[in-house]
Amino acid sequence: MPVPIESLPSPGAWPWGGTVSHHLLANTQIDRWFSELATRRTVERFYILSPSHWGLSTQAYSMTDGSWLLPDSHVVASDRRQVQALAKKLGVSLEPAVFDHEHGVSVLVPYIAKYFPRAKVVAIACPGEPPLDQPGAERLATALLPSFDKPGREKNFLLVSTDFSHHGGPVTTEAKDERTKQFFISPSRSNWIVAGCDNRPGIYILSRLFDPKTKNAVLFHCDSYTLSRQGPEDITSYFFSLFW
């Protein structure tokens, strides 16, 4: 069923980060989110923070310098120079095999190709479920912060690939999402913890980029049951947001 847009960035906003689902059930909302971002700015480089699904990662952070070949033969490439520099900062070796199956990245790549055909990617996957390894998340945040100073935000975008409430019925999902909404209503460095999702490091790192002037718009808030009318006791919820 159609999901109305809840809000949009203010005129002239230059979004530097946001949250987007990696479930293709939400294809329409994913596409609309990328379309809105493309009307606002160009992006030279997407830093994609993804949960590491399936337990394939052998390190605290998985990274790749590989590329994604799409059915139309378009290639979305990693920014190898930036990947190597970040991996060195973090003290990890590359794990390209992890990304052969990582839908937290691969689901989003076709939209990057469609709306930002010249953009490159720095993909990072790490365990996303609670409890958060906060020292590890802080280490990653510290490594990324230089890429999101004022000049960095002109070129880079922090894409937090995440879904929110999982495996609940309508009442449980609504209660969890009401708590998560507080993260978007009053974004601050201290309230990241209220956002219930499968990418806690991504939300933590996003919040580390906030300052008192940070604003956001939630384009869509919906869930798997709303979109499919199936699985009423196993609902996943989605918040599609842009921060500036």
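Placed above this text is the structure.
What counts and what doesn't
- The residue numbering used here restarts from 1 in each chain and proceeds along that chain's sequence as written.
- Per-residue local features are limited, in this predicted model, to residues with pLDDT of at least 70; the limit for side-chain atom pairs, both in listing and counting, is 80 or more; totals at the level of whole chains, interfaces and linings are taken over all residues.
- With hydrogens and water excluded, all non-hydrogen atoms of the structure serve as input to the side-chain values.
- Counting from the N terminus, the helices are the DSSP runs of H or I reaching at least four residues and the strands are the DSSP runs of E reaching at least two.
- Convention adopted: a line fitted to C-alpha atoms gives each axis, helices being fitted over their contacting stretch, and angles between N-to-C directions are expressed from 0 to 180 degrees.
- For classification purposes, angles smaller than 35 degrees are called roughly parallel, those larger than 145 roughly antiparallel, those between 65 and 115 roughly perpendicular, and all remaining angles oblique.
- Here a crossing is called left-handed whenever its near helix is offset anticlockwise from the far helix by less than a right angle, and right-handed whenever the offset is clockwise.
- For this analysis, residues touch if any pair of their heavy atoms sits within 4.5 Å.
- Each residue is assigned to one class: nonpolar for Ala, Val, Leu, Ile, Met, Phe, Trp, Tyr, Cys and Pro, charged for Asp, Glu, Lys and Arg, and polar for all the others, Gly among them.
- Think of it in three bands: residues with accessible area under 20% of the maximum for their type are buried, residues over 50% are exposed, and the middle band is partly exposed, with areas taken using a 1.4 Å probe on protein chains only.
- Polar contact is the term for a pair of N or O atoms within 3.5 Å; when the atoms are in protein, one must be able to donate a hydrogen and the other to accept it, and sequence-neighboring residues count only if both atoms are side-chain atoms.
- Paired rings are identified among Phe, Tyr and Trp, the last through its six-membered ring, by centres lying within 6.5 Å, and are further divided according to the angle between planes into stacked (under 30 degrees), edge-to-face (over 60) and tilted (the rest).
- As used here, the arc is the angular range of directions from the helix axis to the C-beta atoms.
- Pairing between two strands requires that DSSP report at least two bridges joining them.
- Cavity and pocket criteria rest on a 1 Å grid covering protein atoms alone: a 1.4 Å probe that fits but cannot get out defines a cavity, protein on both sides within 12 Å along at least 5 of 7 lines defines an open pocket, and an atom within 4 Å of a point defines a lining residue.
- Grid points are joined across faces, edges and corners, and a volume is the space filled by probe spheres set on the points.

What follows deals with unusual backbone geometry. Despite not being glycine, S73 shows a phi value in the positive range, around 75°. Within the secondary structure, S73 is located in the loop between β4 (67–69) and β5 (75–77). Positive phi, close to 60°, is recorded for H167, a residue that is not glycine. Relative to the helices and strands, H167 is located in the loop between β7 (156–161) and α7 (170–185).

Remark: helix α5 (residues 134–144) packs on helix α8 (residues 200–208), axes separated minimally by 9 Å, with the N-to-C direction vectors making an angle of 45°. What the angle tells us is that α5 and α8 run oblique. Here α5 and α8 pass one another in a crossing that is right-handed. Along its contact with α5, which presents Q134, A137, E138, L140, A141, T142 and L144, the element α8 presents P201, Y204, I205 and R208. Class assignment of the residues belonging to the contact of α5 with α8 gives a composition of seven nonpolar, two polar and two charged.

In this section: the side chain of N216. Tracing the chain through its elements places N216 in strand β8 (residues 216–223). Its relative accessible area of 17% is what places N216 among the buried residues. Polar contacts involving the side chain of N216 include one to the main-chain carbonyl oxygen of F184, which spans 2.7 Å. Not counting the four nearest positions on each side in its chain, N216 is found in contact with F184, P187, L242, F243 and W244.

Before going further, it helps to spend a moment on the packing of aromatic side chains. Considering all chains together, one arrives at 19 aromatic pairs under this definition. Centre to centre, the rings of F183 and F210 are 5.8 Å apart; their planes meet at 35°, and the pair counts as tilted. Here F183, found in helix α7, pairs with F210, found in the loop between α8 and β8; they are 27 residues apart in sequence, far enough to count as distant. Assessed through its relative accessible area of 0%, F183 is described here as buried. Seen in terms of ring centroids, F210 and F243 are 5.1 Å apart; in terms of plane orientation they differ by 20°. Their pairing is stacked. Here F210 is found in the loop between α8 and β8, whereas its partner F243 is found in strand β9 (residues 237–243), with 33 residues between them in sequence. Note on F243: relative accessible area 0%, which makes it buried.

This part covers α5. Note: α-helices contain 3.6 residues per turn, so residues at a spacing of three or four share the same orientation. Every buried residue of α5 is listed here: G136, A137, L140, A141, A143 and L144. In an axial view of α5, the angular spread of the buried residues amounts to 160°, which keeps them on one side of the axis. Here the buried face of α5 lies against β2 (45–51), α2 (80–90), β6 (120–126) and α8. The distance from a side-chain oxygen at the start of α5 to the backbone nitrogen of G136 is 3.1 Å, and the residue carrying that oxygen is D133.

Within β9, seven of the seven residues are buried, which leaves the element mostly enclosed by the surrounding structure. Of the two faces of β9, the one holding S237, F239, S241 and F243 and the one holding Y238, F240 and L242 are both buried throughout. As judged from the three bridges shared by strand β1 (residues 17–20) and β9, these two strands associate in the antiparallel manner. Paired with G17 across the two strands is F243, which belongs to β9. Examined bridge by bridge, β8 and β9 share seven bridges and lie antiparallel to one another. Bridge pairing links V218 to S241 in β9.

As a further point, take the packing of α2 against α5. The geometry of α2 relative to α5 is characterised by a closest axis approach of 10 Å and an angle of 140° between their N-to-C directions. Considering the angle they form, α2 stands oblique to α5. Here α2 runs over α5; the crossing is right-handed. Between α2 and α5, the residues in contact are L86, K89 and L90 and R139, L140, A143 and L144, respectively.

This part takes up the layout of surface pockets. In this structure, the largest pocket occupies an estimated 210 Å³ of space. Considering the residues around the largest pocket, the lining is formed by 14 residues, among which F164, S165, K176, G196 and C197 are closest to the centre. A per-element tally of the lining of the largest pocket places α7 first, with three residues. Its boundaries defined by the atoms lining it, the second largest pocket holds a volume of some 180 Å³. Considering the residues around the second largest pocket, the lining is formed by W14, W16, K150, R153, E154, D211, K213, T214 and W244.

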